[in-house]
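Geometric and topological summary
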Amino acid sequence: MRVTNLNWLSSLSSLKYLDLGKVNLSEASTNWMQAVNMLPSLLELHLSSCELSGFPHYSNSFVNLTSLLVIDLSYDNFNTTLPSWLFNISTTLRDLYLNVARIKGPIPHVNLQSLGNLVNLDLSYNNIGREGIIELVNGLSVWCNNSLEELHLGHNGLGGELPDSLGNFNNLRSLDLSSNRFDGPLPKSIQHLTNLEVLYLNDNCISGPIPPWIGNMLRMKILDLSFNQMNGTVPNSIGQLRELIAMCLDGNSWEGYVDISNCNVSSMVPGWLRSTQKGLDKIVLKNVGISYTIPEWLWKLDIEFIDLSKNQLFGKLPNSLSFSSTAFLVDLSFKHLEGQLPLWFNVKWFFLENNLFSGPIPLNIGDSSSLEVLRVFGNLLNGSIPSSVSKLKGLEAIDLSNNNLSGDIPKNWNDLHQLDVIDLSKNKLSGEIPWWMCSISSLRQLMLGDNNLIGELSSSLQNCTRLYSLDLGNNKFSGVIPKWIGEKMSSLEQLRLRGNMLTGDIPEQLCWLFELHILDLALNKLSGSIPQCFGNLTALTSVTLLDIENYKARTSYSNRMELVVKGQVMEFESILLIVNLIDLSNNNLWGQILEGIMNLSTLGILMLKTLNLSCNSLLGPIPPGMSSITTSNHLNLLHNLLLGPIPTTNQFSTFSDPSIYEANLGLCGLPLSANCTPPNDQNHKDDQDDEEDEDDRYMSWFFISMIMGFPVGFWSVCGSLALNKSWRHAYFRFIDEIICRLYIFKIVNMARLKTKIESTGVHG
């Protein structure tokens, strides 16, 4: 559309919004401002892409647009300098768009007081040059320091050092000074732009390092410092920019290392790592939002430390790769990488856990002679463990857990004298524990749980005197718990033997393990009583502060352990040090809960606390001393033979779930429905007489029914049981239940008889 003049606007004196964008006004360029000036109520003026050329030269008093909020003259063809009246056109002006308008410099020297409400100023993609730009920024920083939110001056040929006055814009959200000729370092004043979200300084001549204070600009979303002359190391404080969604650092000369975590840097491995790097030996881009394949050029860099973990990388890795010099660590864990497990050389610590690698472990993995730590747990690996692992003489930790590996544990690792950690748990390994396991004096963690291992606990294990974590749970081990566990393994802190077929008593020698804070013996066939000396397990009765650095310093590898807490299977790693647990559930333990175990009343201040004695044959009352427990998170006493009132003081008042006391027919009191409030003396005596009569009648009919039913039952039941296998199994399950109920009946009546005797003694 083409319009030759705008005189018709004068009849619209009340007009508040005028938008003639993309209307050709080239023939009206001489009078467009005169026509617009006849609209005193105008609030917004939009003349973008109208092919306007030249500004009329008016005095400030001639301009009659005192209510204007928005002026948009972008994408026009002025080809001249800015008139001074434009900066004083309205004291209410909020937005001024003059980008891509072929405006020339210099900026006029005018008072900018009228722009006190300016929010957005866009002069980008013009040819303003150096002259007057410092004065413009200084003036805006005085009059617009609280209002200006967007300042765009990119692509203008501006130069010199960045003015310090940039730091005076308290509410600035977006600053674009890209594609100019600014030089020198980043001014310290920029760190005061705490509301800044977008910073474009790319394509300049800015020098020096990225200052550490960049990490204090916590609202930063886009940071572009590419193609400057910057150098030094990229500060890890950038990792504090949690809202960052894009960062470009290409075309500089970074050196040393890059260490950035937990922010969104890029969806791809940043290309600036590739371009003209000098002395870059460490790359850490952990959890930075990368969701693409790993480029081939990354492996050609001379890098000693690469950590790209906890991103969304996918694809396959090179099957074989050799670094020019020994790389200390390559961490590609927690991704979607797939294919065969790669065989890489000159790598010391190789972390590939929680990916989708499948197939067998390379048979010649022993040729990776530099390996010290190998972590490939949580993949889909199958087959047997190659015997060539025995060639890795410098191996300190090997974690192949949570795969589908099968076969026997290799029998030739006895020459791996540096081995500190062995974790083969959660596989399908079979056979017995090989004799060499504890010929390695350095071994600290032995995790073989959740396999199909068999046999008794090998006596060779007693040579593992430095072990602090032993997991043999959920296998098929049989026999007794050896006494030498307590006698020889004095450093043991975590012992998990649950889910086996262990029998016999719990040895009192376990009480000698003064560092023990996790004891899981559940789901076995243990019998006897709970050792009273369990109260001497001092690690369970003391406060332990979480000191992760000290915990990891004693080994090259932090361990994990799967435990059952509140009926839920949970895996603990970083806080395993402060987990306190005793689980003796699902055994054949009997006797009373002894007062000695109540020494654990401080069981886990500041720690996770679990005491599980469920599904045993424990009898008698809950010890009074148990009420001194004040900080236990979870207690489970269900399926025992306990009786008497449930304590109500201290932590017991918070155990509101009745299921933790279920199947203890003699227990009463909250949270159970059975009431154990004592009646008055007379009613108590009457109730006792009624109970005796009821018991006599019950017992009489019981014996009569037994005598009459014997001949019939013998032939009708036993005969049918001999002929029908499914009936036979159901019958014996029924007999087991009857025996259990009779035993409970006996215990309850003995308690009633004792109460009666005591009552008779008092009233007699």
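Just so it is clear, the model here is predicted, and its values are computed rather than measured.

Quick word on the overall build of the protein chain
Helix and strand counts for the protein chain stand at 6 helices and 47 strands. The buried share among the 764 residues of the protein chain stands at 51%. Of the contacts formed within the protein chain by residues at least 6 apart in sequence, a portion of 57% connects residues at least 24 apart.

Overview of unusual backbone geometry
Between Gly 105 and the following residue, Pro 106, the backbone shows a cis peptide bond with an omega angle of 0°. Mapped onto the secondary structure, Pro 106 falls in the loop between strand E6 (103–104) and strand E7 (120–122). Going from Leu 670 to Pro 671, the amide bond is cis rather than trans, its omega being 10°. Note that Pro 671 resides in the loop between strand E47 (666–668) and helix H5 (681–723). Unlike most non-glycine residues, Asn 586 shows phi in positive territory, near 60°. In this fold, Asn 586 is placed in the loop between strand E41 (579–583) and strand E42 (588–591). According to the relative accessible area criterion, Asn 586 is partly exposed, its value standing at 32%.

Structural notes on the pattern of salt bridges
Tallying each qualifying case throughout the model produces 18 salt bridges. Among the salt bridges present, the one from Glu 149 reaches Arg 173, with a minimum N-O distance of 3.2 Å. Here Glu 149 is found in the loop between helix H2 (133–143) and strand E8 (150–152), whereas its partner Arg 173 is found in the loop between strand E9 (159–161) and strand E10 (174–176), with 24 residues between them in sequence. Take Glu 149: its relative accessible area is 27%, and that puts it in the partly exposed class. A salt bridge links Lys 426 to Glu 562, with the nearest nitrogen and oxygen atoms 2.5 Å apart. One end of the pair, Lys 426, is in the loop between strand E29 (421–423) and strand E30 (428–431); the other, Glu 562, is in strand E39 (residues 561–565), and 136 residues separate them in sequence. It is possible to trace a salt-bridge network through shared partners that takes in Glu 149, Glu 150, Arg 173, Glu 197, Lys 221 and Glu 243.

A word on the state of the cysteines
For the coordinates displayed, the defined rule picks out 2 disulfides. A disulfide bridge connects Cys 438 with Cys 464, and the sulfur atoms are separated by 1.5 Å. One quick way to see it: the torsion about the S-S bond of Cys 438 and Cys 464 is about -90°, and its sign makes the bridge left-handed. Here Cys 438, found in the loop between E30 and strand E31 (445–447), pairs with Cys 464, found in the loop between strand E32 (452–456) and strand E33 (469–471); they are 26 residues apart in sequence, far enough to count as distant. A residue is classified by how much of its surface remains accessible, and Cys 438, at 6% relative accessible area, is buried. Assessed through its relative accessible area of 2%, Cys 464 is described here as buried. Bridging Cys 511 to Cys 533, the disulfide has an S-S length of 1.9 Å.

Here we look at the pairing of strand E17 (residues 253–261)
Bridging between strand E15 (residues 229–234) and E17 involves 3 bridges; their strand directions are parallel. Counted as the bridge partner of Val 234 is Val 258 from E17. Here E17 pairs with strand E18 (residues 280–286) via 6 bridges, running parallel. Bridging across to E18, Ser 261 finds its partner in Lys 286.

Cut-offs applied
Residues numbered from 1 in each chain as written. Predicted model: local features only at pLDDT ≥ 70, side-chain atom pairs only at ≥ 80, totals over all residues. Heavy atoms only, no water. Helix = DSSP H or I, 4+ residues; strand = E, 2+ residues; numbered from the N terminus. Buried < 20%, exposed > 50% of the residue type's maximum accessible area, 1.4 Å probe, protein only. Contact = heavy atoms within 4.5 Å. Salt bridge = Lys/Arg side-chain N within 4 Å of Asp/Glu carboxyl O. Disulfide = S-S within 2.5 Å. Pairing = 2+ DSSP bridges.

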